[in-house]
Structures are given as structure tokens and as C-alpha cells.
Amino acid sequence: MKILKSACLLVILILLCLPVGAQSNLPECDNGELPTEKVILHTDRDKYLVGEKIWFTAYCLLENSLDEDLSQVILIELYDYTGHSFVQQKVQIRKGIASGTIEIPEEVGTGRFFLRAYTQYLRNFSPADYANKVVTIINPLSDATKIQQAKKDGVEKNNEGISATYKELEWVALDLQTDQQDYQQRNKISLQLNNEANLNAHLSVSVRALGTGAELGHLPDYLQDNPWLAASYADQWPVENKQQQALKKILTQPELSEKNTTKTLNYAPDIRGVSLSGIVRDKSTKMPIPDVICMASVVGQQPQIHLNTSRADGSFVFAFDRLQGQHELCVGMRNREAENIEILINNDFSTDFPNIAAIPLPFDSLQHQLFEKMYLNEQIRKRYTWTQLVSSAQAESITTPSTNLGEPDVAFELADFVELPTLYDVFTEVIPFVKVKNAAKNRSLSVWDETKQLYNDNPVVLLDNVPIYDIDELLNLNPQNINRIEVIYSNYLLGDYIFGGLISLETNTDDFAGYNWPGESVFFPYATFTTSEAFQFPNYEVVGTDQSRKPDFRTTLYWNPDVKLDDPTLSLDMYASDFTGAYEVIVRGITKDGKLMYGRTVFNVKQK
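Residues numbered from 1 in each chain as written. Predicted model: local features only at pLDDT ≥ 70, side-chain atom pairs only at ≥ 80, totals over all residues. Heavy atoms only, no water.

Peer 1: Which parts of the structure should I look at to understand the environment of alanine 312?
Peer 2: Secondary-structure assignment places alanine 312 in the loop between strand S17 (305-309) and strand S18 (315-319). For the pair formed by alanine 312 and proline 290, sequence separation is 22 residues and the distance between their alpha carbons is 4.7 Å. Discounting chain neighbours no more than four positions away, the residues touching alanine 312 are Pro288 and Pro290. (Helix = DSSP H or I, 4+ residues; strand = E, 2+ residues; numbered from the N terminus. Contact = heavy atoms within 4.5 Å.)

Below, the structure is given as C-alpha cells:
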């Protein structure tokens, strides 16, 4: 298996040097199927209100070990049974682990919804192989939910046998306990995790009001009509023998019992961060066009420029360096020879979904009371802000480069010179090292290389850090809309490409000084890494905070997405809130060699 894994990974890494689009037909792995990747998804709880945050962590495994080399991006979605996604995010994977938050939009109604987490590489397999999780969401302002009872039969009708996927699971029980069984409001709670076996593991820890997580001890009703969820359910916690048998029967249905393998790499793994792929084709014939130099640029305060050449199937791919948040991108073609060319950008989230059956929401009096309390807690939390806070873990930061462009050799502020009527005059009279060729039509720019004593006819020309290709259109711009012109007059290396210098124009407008973009360039919004944040809670060790009149009604007392367990014992501290009742501690994780870990304990918070 290790030989197979190494050989296939070598083939993948070689293929990554080439653009890979959604329709690419790449060679098969010489030694067999592509290696298996798996994502395991944990959340702080399973029941939420609209407007609340879902805290999550995802483990990415390659051949049952934490994947530190292949995929660097987790794609996570909140969607409904129709396949409509309410939230889509990209989260950076660090040493096989990704964590973050999803804020539930106000337009989400009441019902059962789905979370799924996957990588670009996993898109080569079935969407049933993604990590999927069912969450219950209540919107107090939505239409009243029709009370339905979940089906109680159907499990025993599945085929006999044992699923290979299920047999591969190996669980390690985690010993944990709190320092007390009962606490008063705002008391300090100390949780101890015992690791007598001295295992090296990564864990997620959730401390939540009892009842806000999935009910343990029985098979979820939704697995009966959605058996594709069974594998993800089996990754959440170990189940008792009776439930194991039922789960095995679900997992051995014909469409689930066969191992889903593939030899064709249609989606390249994100080994260098967030990526963008697409295809260049002829507008009329719809045939792909190879050997077109495609340039992608990030517009705005964090400019980046990347190049790639379309492959035989017209596909291309760009990887963007450590970008966070929403950006505007421009993709264009540099060496175009025909106007009849179009660029198609691939959807970077999967549009494939399993065969989903709608899941009814049982809503009894106990559920009603629980959500009433949660709703009250959330309204109070929004109304009062605590200042003395402590973080359960430090938020991971991404250092974003200001640009991947080098410093210019010379720069000119046009305000330092007399006003000239045209940009042609500016380049002719003001800017040295640059020459306008062909005075009438189809003009171009050349850069004088002092070292080589010759003109380079292949410079990169940028307008507000976006590549442009129509020099005639550029020279028609009003010079008063241009602040600065920078020139690199030596050979300019951009990625794997060498250009004869670079000319960059900075405008003082927000519309590229009125430049008319030709059809071979496309602009579109693009989401990169979602900014991470740390889970915070009041610190009642600060003198006087425990006597504060500000109410504290937290449903989740504590969440830590990445607890490293590498000592015989580990202690974690947190504080009870004013919300009295029973709480449960859920600890889940994975060891370095791929064993799943699980532990649970409960405690009570009582009135002072």
C-alpha cells in the first residue's frame, strides 16, 4: 500500500505542473487507483438557531493518516435537501486539520439541513464520499413547522454483510472527567483528559447544553431514507453492538458496499492554496483551444498576477497565494490571435449531490422547551457584550503578501510634469525606456533594456495591476486619469515565464480610467480563504466579573477545534454560564496513525 501510495502521489505531483479543469482527461495512475482521501467533520453541536455560528473542525486523511502534503483547502457548505447551498466557504488546511465558523443566514428556514466538507481532490470520487453531517436549524420567524414523526422501520430490510468502509474504523476510548459533578453559575470548570497509553492525537472539544447535540444510543432516523450518510455517521462516535449491526446493514446496500475508486484525476488537489480553473474554447465550434497564455490577476489592494498555458483540452488552473476574503478577479488571454475565443470559469464548489431524501423534523414538547431556552439565550447574547474574554485557542492567521510583483526600476508621478493631451505624448515625451511602435493603428509598446542595448517587444502591460492587451485602447485614455507609471526595463520573470520588461499604470479612478475591456477578458467575484476566528468566553477569574450584572446565557460553553494530546494528562479550563441545567462534554479526534478517539462526560450547573 505504501508503494502504491508513493507512486500515485508522484504521478499526481507531476500532473500538478499542468492545468487541470473540470473536464480534463489526464493519464491514469500507472500503479492502480488514485490514493484514497477522507474528511471527518466535527461541530460544536447539532442544533442551532438562525444567526448563530456553527463552529467546526475537519480532519483530512490520506490513506488513513493525517494529510500534510496533498490537499491544502477544505470546501465546506451548508445546504438543504434540494442541493441549494446557503453558505460556501474555503478554509485553509494546516497539517491535515482545518477549522472555522459558519454563520447561519437569516433566510434559512426551520428544518433539518446538511453540512458537507470535501477537497478538490475528493471531487474525483462520489459526493457520498464527502464528510456529511445533519444539523437542525430553527428560525423563530419562519412558518410553523409541520410536526412529523420519523419512520421507525426500514433498517432491517437492508442487505446482509459487512461493509469494508465500516471495518476500517478503529476507535480508542478517551478517559475524561470534570473536577466536580455539580457547579454553581459562573464557577470554574476544569476538564482533565487522561492519556495513559501516551497516544499522539488531535482532538476537538465541545461543552454544550445537554440536548443540543445528536442523540446517542440509537440509530438516527434519517439514515433509513439517506443511507449515503451512514459512513459519515460512523465517523462521529462508536455505537453499541446492536446499532453496529444495523449500521453495517445500511452500509452494505449495493450502491454503498462497492468501494468507490478511480484512476482518472479530473480535479487536481489544492497543494498551493486556493485555486481557480477554467477552459479556453472557440465560441463557434465550442472546441478547446490549446497553447493560449492565460493571465489571472487579483484586482484591488492585494494584487497578484499568475500565468498558465492552456493544455490540449483548453484547460488551465491558477493557484493564489494566501489570499483571504472576497476579491475581484480578471482572467484574460495574452497571445490571442482570433476574436472568436471565450473563457469559461469552472465552479470551484461541487454541484454534485447524492440522492437526498427530505428529513422530517420531529418537534415534541421537550424540543420546543429546548429551543425556547436557546432562543432566549441568543437574544440575551446579542444584547450584552462582554469585554473580559479568554480564547479557547488562538485563531490561525494567514500572512497575505502585498503583491507578487517586483519593485520597478523607474517610476514617474505624472503630476510632476506638464499636462500632455494624450498617453502617446506621455510615453514619447516623458517616460524613458518605453517606445510606442506603429504610430497609427495596432500600436504596441517596447521597453529599452540598457544592459542588452536593445528593445524588448514583449513587455507585460498592467493597468491598476490588471494585464491589458489592446495598446490602442490604452493610448486613448486621458493622461489626467493616470497617477503613476512604473517601468521594469530588464527581463521580467513571472512564474515560469520571461517577459521583456513590465509597464504598470496606476489610475486615480475606480473604473480603470474608462478603459474598454475587450471580450477576451472576464471579471468576476471570487471567494478565497475565510478569515478564522477564535472561540471566546467570559473570564470569571478577573476580579469582579463574576459579580457583573451582565447576563451570560451561552448554549456552548467551550469549543476548541484543535487540542493536541501528547502528554499523559491534559487539563482545560472554562466557566459555567448563568444557564442552569445539564451539560455534556464531547471529545473527538484522531491519532497520528488514523485511529479515531471519542470520550464523553456530563455535569450540572445549578442556581447560586
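Peer 1: Which parts of the structure should I look at to understand the confidence of the model for the protein chain?
Peer 2: The predicted coordinates ought not to be read in detail in places where the model reports low pLDDT. When pLDDT is averaged along the protein chain, the result is 82; 84% of the residues meet or exceed 70. The low-confidence segment residues 144-167 (pLDDT under 50) makes 44 contacts with residues lying over four places distant or belonging to another chain. (pLDDT = per-residue confidence, 0-100.)

Peer 1: I would appreciate a short explanation of the pattern of salt bridges in the present structure.
Peer 2: Pairs can form between side chains of opposite charge once their charged atoms are near each other. Following the criterion strictly, the structure yields 22 salt bridges and no others. As a salt-bridge pair, arginine 116 and glutamate 77 come within 3.0 Å of each other at their nearest N and O atoms. With arginine 116 in strand S8 (residues 111-118) and glutamate 77 in strand S5 (residues 73-79), this residue pair connects regions lying 39 residues apart in the sequence. Judged by relative accessible area, arginine 116 falls into the buried class, the value being 0%. With a shortest N-O distance of 3.7 Å, lysine 606 and aspartate 182 are connected by a salt bridge. One end of the pair, lysine 606, is in strand S37 (residues 596-606); the other, aspartate 182, is in strand S12 (residues 182-184), and 424 residues separate them in sequence. Counted as one network, the salt bridges with shared partners bring together Asp44, Arg45 and Glu52. (Salt bridge = Lys/Arg side-chain N within 4 Å of Asp/Glu carboxyl O. Buried < 20%, exposed > 50% of the residue type's maximum accessible area, 1.4 Å probe, protein only.)

Peer 1: Where do I start with the packing of aromatic side chains in this structure?
Peer 2: Within the structure shown, the criterion is met by 22 aromatic pairs. Here tyrosine 183 and phenylalanine 603 contribute two aromatic rings whose centre-to-centre distance is 5.5 Å and whose plane-to-plane angle is 80 degrees, an arrangement assigned as edge-to-face. Here the residue tyrosine 183 occupies a position in strand S12, and phenylalanine 603 occupies one in strand S37, the gap between them amounting to 420 residues. On the basis of relative accessibility, which here comes to 1%, the residue tyrosine 183 falls in the buried class. Ring centres of phenylalanine 579 and tyrosine 583 lie 6.3 Å apart, and the angle between their planes is 80 degrees; this geometry places the pair in the edge-to-face category. One exposure class covers both phenylalanine 579 and tyrosine 583, and it is buried. Clustering of aromatic rings is evident, with ring pairs tying together Trp55, Phe535, Phe537, Tyr540, Tyr558 and Tyr575. Its end group placed over the ring of tyrosine 526, lysine 90 keeps NZ or CZ at 4.0 Å from the ring centre. (Phe/Tyr/Trp six-rings, centres within 6.5 Å; stacked < 30°, edge-to-face > 60°. Lys NZ or Arg CZ within 6 Å of the ring centre and 35° of its normal.)

Peer 1: I keep staring at the sheet that holds S8 and nothing clicks. Help me out?
Peer 2: The pairing of strands in a sheet happens through backbone hydrogen bonds and is either parallel or antiparallel. Pairing is mixed in the open sheet, where five strands are placed in the order S2-S9-S8-S5-S6. Each edge of the open sheet is held by one strand with a lone partner, namely strand S2 (47-49) and strand S6 (85-92). Direction aside, the axes of adjacent strands within the sheet are offset by 25 degrees on average. Taken together, the seven bridges between S8 and strand S9 (residues 131-138) define a ladder with antiparallel strand orientation. (Pairing = 2+ DSSP bridges. Axes fitted to C-alpha atoms, helices over the stretch in contact; angles between N-to-C directions.)

Peer 1: When you look at the sheet that holds strand S24 (residues 444-449) in this model, what are you seeing that I'm missing?
Peer 2: Pairing is antiparallel in the open sheet, where three strands are placed in the order S23-S24-S25. Since the sheet does not close on itself, it has two edges, and those belong to strand S23 (434-437) and strand S25 (454-456), each with one partner. The mean angle between the axes of side-by-side strands here comes to 40 degrees, regardless of whether they run parallel or antiparallel. Pairing geometry for S24 and S25, over three bridges, is antiparallel. Following the sheet pairing, valine 447 is matched in S25 by asparagine 456.

Peer 1: How do you make sense of helix H6 (residues 365-383) when you look at a structure like this?
Peer 2: The first and last C-alpha atoms of H6 sit 27 Å apart over 19 residues, in line with the 27 Å expected at 1.5 Å per residue. All buried positions along H6 are accounted for by Gln367, Leu370, Phe371, Met374, Asn377, Glu378 and Ile380. For H6, the secondary structure elements touched by its buried residues are S2 and S9. (Expected span 1.5 Å × (residues − 1).)

Peer 1: Teacher, can you tell me more about the pairing of strand S7 (residues 97-103) here?
Peer 2: Remember that side chains alternate between the two faces of the sheet whenever the strand is regular. A large share of S7 lies buried, amounting to five of its seven residues. Where strand S3 (residues 53-62) meets S7, seven bridges bridge the pair, whose relative direction is antiparallel. Bridge pairing in S7 places threonine 57 opposite serine 99.

Peer 1: Got a minute to help me understand the pairing of strand S28 (residues 482-488) in this structure?
Peer 2: Sheet topology note: the strand S22 (residues 410-413)/S28 ladder contains four bridges and is antiparallel. Within S28, the residue paired with phenylalanine 412 across the bridge is isoleucine 485. Sheet topology places S28 next to strand S31 (residues 502-507); six bridges connect them, and they run antiparallel. Paired with isoleucine 485 across the bridge in S31 is leucine 505.

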